[in-house]
Amino acid sequence: MLRSVFKLIRLEVAFLWKTIVLIGLILITFISALLSVISVLLDVPEGMYAGLDEYLHHFTLKVSDARPDLDIEGESVYGFINGITRYSILKGPGGEQVISPPTAGGEEDELLEITYTFTGCAIRPSLLKEFEPYKKLVGKGRLPNAPGEICINATVAKLVGASIGDTVTLRPDPQYAEEYDFTGREETSFTLVGTHDNSVISRYNAIHPRDYIVPSYYFYLMMPEETTYSTLTFLMPNSRTMHQTALSLIRGGREATMDGTSERQMENVALAQAFFGAIAAVIGFMVLFILYSLIAIFFRQRRAQILRMRLLGATSFLVAAVYCTVAIFLVFLGVVLGSAFSMAFNVYFMGLCGSLFKTFSSNFISHFRPIIPFILLLVLAAFTLILFFVVNRKVRNARLSVEVRHE
């Protein structure tokens, strides 16, 4: 039985060899392009992750409305609290910081009292070790290492009349009350444990723009563990974790922002992935259409032979299996040869990505992943089997005597 089937397949291939060769070449070309584009979709993020890991030393992710115990693969280092660390007013034993510039115009200078709003940040214990490079950071005292402690810029501390050991307070600035929700934010007291010169931090950060994580602010304080931050910054282990965590949080409804350099590059990667993804979808549709066309051509070209085989006793299942076997073999050959040719396409596409991301061009490397051709082979084989049942139904429903008479 099997020998007869294989003989029948050989005979049909001999009749259809021109069609098979033509469709096969087209199928190999499109499969090569499809495999290369799919590979690029995977290689572009990999190359960007590798480039960022070499280019940057730290990766930070800012998460809105977060607590330090947020379940992500990162360590909280500092955060901001609306009404305390920003959009707030600092008050010390000498009063609030007030400046009195003269008003414009008029014969006599009139004094206008304006409350000065300072910006600081709430540091986490994990950030303390990052202050080590700033040798002259603390002029007097120390950095806060417990909730309720604060370290203030030396000049600002003098202006509000605060010395080490004094109590200072922070309260929301009323002029921002309409723009930001200060519900639950009341005047909060802190013990001044040190003074610092944040210009030292600014200079160091300017010299080391790629590897610093300590921000330069007028004051640093510590809050209780249960505090919810308006934005909380997490130090991530690598660029891949940072990016995937950001996407996961955004899908979950949170606002998450990567550091500036990573954010810009990942936006470019998203554009590249959308472009190549659209190409992959179009090429994938064309491959399926080619397979459908192949089966349809078989049915049209060999319709008379199919009906004769039916009249001679061949089942519709056997007839359809003959042509679908040829199609599956062609798919197998297309995937094998397409995998080889796809490397040439892949190198070309990766060269385009290298031109787009010049800083990380050396990190965009083509990789051959055997699992991709294998999965594609399974998908195309499954699609061919679906066509098998369609052809089987057409053959089974054919009106034999009428069709043969017309032939």
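What you are looking at is a predicted structure, and each value in this text was computed from that prediction instead of being measured. (Residues numbered from 1 in each chain as written. Predicted model: local features only at pLDDT ≥ 70, side-chain atom pairs only at ≥ 80, totals over all residues. Heavy atoms only, no water.)

> Break down the overall build of the chain for me, with residues and values.
Tallying secondary structure elements over the chain gives 9 helices and 15 strands in all. Contacts in the chain between residues far apart in sequence, at least 24 positions, make up 82% of those at least 6 positions apart. When the accessible area of the chain is evaluated, it comes to approximately 21600 Å², of which 59% is carbon and sulfur surface. (Helix = DSSP H or I, 4+ residues; strand = E, 2+ residues; numbered from the N terminus. Contact = heavy atoms within 4.5 Å. Areas by Shrake-Rupley, 256 points an atom, 1.4 Å probe, with all protein chains shown as cover.)

> Could you give an account of the nonpolar core, with specific residues and numbers?
One finds Leu-61, Ile-150, Ile-152 and Leu-221 to be the most contacted residues of the largest nonpolar core, which totals 72 residues. The greatest single-element share of this core, amounting to 13 residues, is contributed by helix α1 (residues 2-55). Filtering out sequence-adjacent residues up to four positions away, Leu-61 remains in contact with Leu-232, Thr-233, Phe-234, Met-236, Met-242, Thr-245, Ala-246, Leu-249, Ala-256, Thr-257 and Met-258. Listed in part, the 17 residues of the second largest apolar core include Val-77, Leu-127, Tyr-134 and Ile-201. (Core = buried A, V, L, I, M, F, W, Y, C linked by side-chain atoms within 4.5 Å. Buried < 20%, exposed > 50% of the residue type's maximum accessible area, 1.4 Å probe, protein only.)

> Run through a nonpolar patch on the surface, naming residues and quoting values.
Taken together, Phe-329, Phe-332, Leu-333, Val-336, Leu-337, Phe-341 and Phe-345 make up a surface patch of nonpolar side chains, about 630 Å² in accessible area. Topologically, Val-336 is positioned in helix α7 (residues 316-356). Here Val-336 falls in the partly exposed class, since its relative accessible area comes to 42%. (Patch = residues over 30% accessible without salt bridge, like charges linked within 9 Å, V, L, I, M, F, W, Y side chains within 5 Å. Salt bridge = Lys/Arg side-chain N within 4 Å of Asp/Glu carboxyl O.)

> Give me the lowdown on the layout of surface pockets, citing residues and values where you can.
Size it by volume and the largest pocket reaches roughly 280 Å³. Along the walls of the largest pocket sit 14 residues, with Thr-60, Pro-209, Tyr-212, Ile-213 and Asp-259 positioned nearest its centre. When residues of the lining of the largest pocket are traced back to their parent elements, those giving at least two are β1 (59-66) and α5 (260-301). When the residues that make up the lining of the largest pocket are grouped by side-chain class, the tally is 7 nonpolar, 4 polar and 3 charged. (1 Å grid on protein atoms, 1.4 Å probe; cavity = no way out; pocket = protein on both sides within 12 Å on 5 of 7 lines; lining within 4 Å. Points joined across faces, edges and corners; volume = space filled by probe spheres on them. Nonpolar A, V, L, I, M, F, W, Y, C, P; charged D, E, K, R; others polar.)

> Lay out helix α3 (residues 198-207) with the relevant residues and their values.
Residues of α3 that are buried: Asn-198, Val-200, Ile-201 and Asn-205. The arc that holds the buried residues of α3, viewed along the axis, is 145°, so those residues lie on one side. Exposed and oriented more than 90 degrees from the buried face of α3 are Ala-206 and Ile-207. Looking at the buried residues of α3, the elements they touch are β10 (149-153), β12 (188-196) and β13 (219-221). (Arc of directions from axis to C-beta.)

> So what about the pairing of β10? Which residues, and what values?
The side chains of a regular strand alternate between both faces of the sheet. Counting buried positions along β10 yields 5 of 5 residues, so the element is predominantly enclosed. Where β10 lies against β12, 5 bridges are found, and the strand directions are parallel. Bridging across to β12, Ile-152 finds its partner in Thr-195. Pairing between β10 and β13: 3 bridges, direction antiparallel. Its bridge partner being in β13, Ile-152 is matched across the sheet by Phe-219. (Pairing = 2+ DSSP bridges.)

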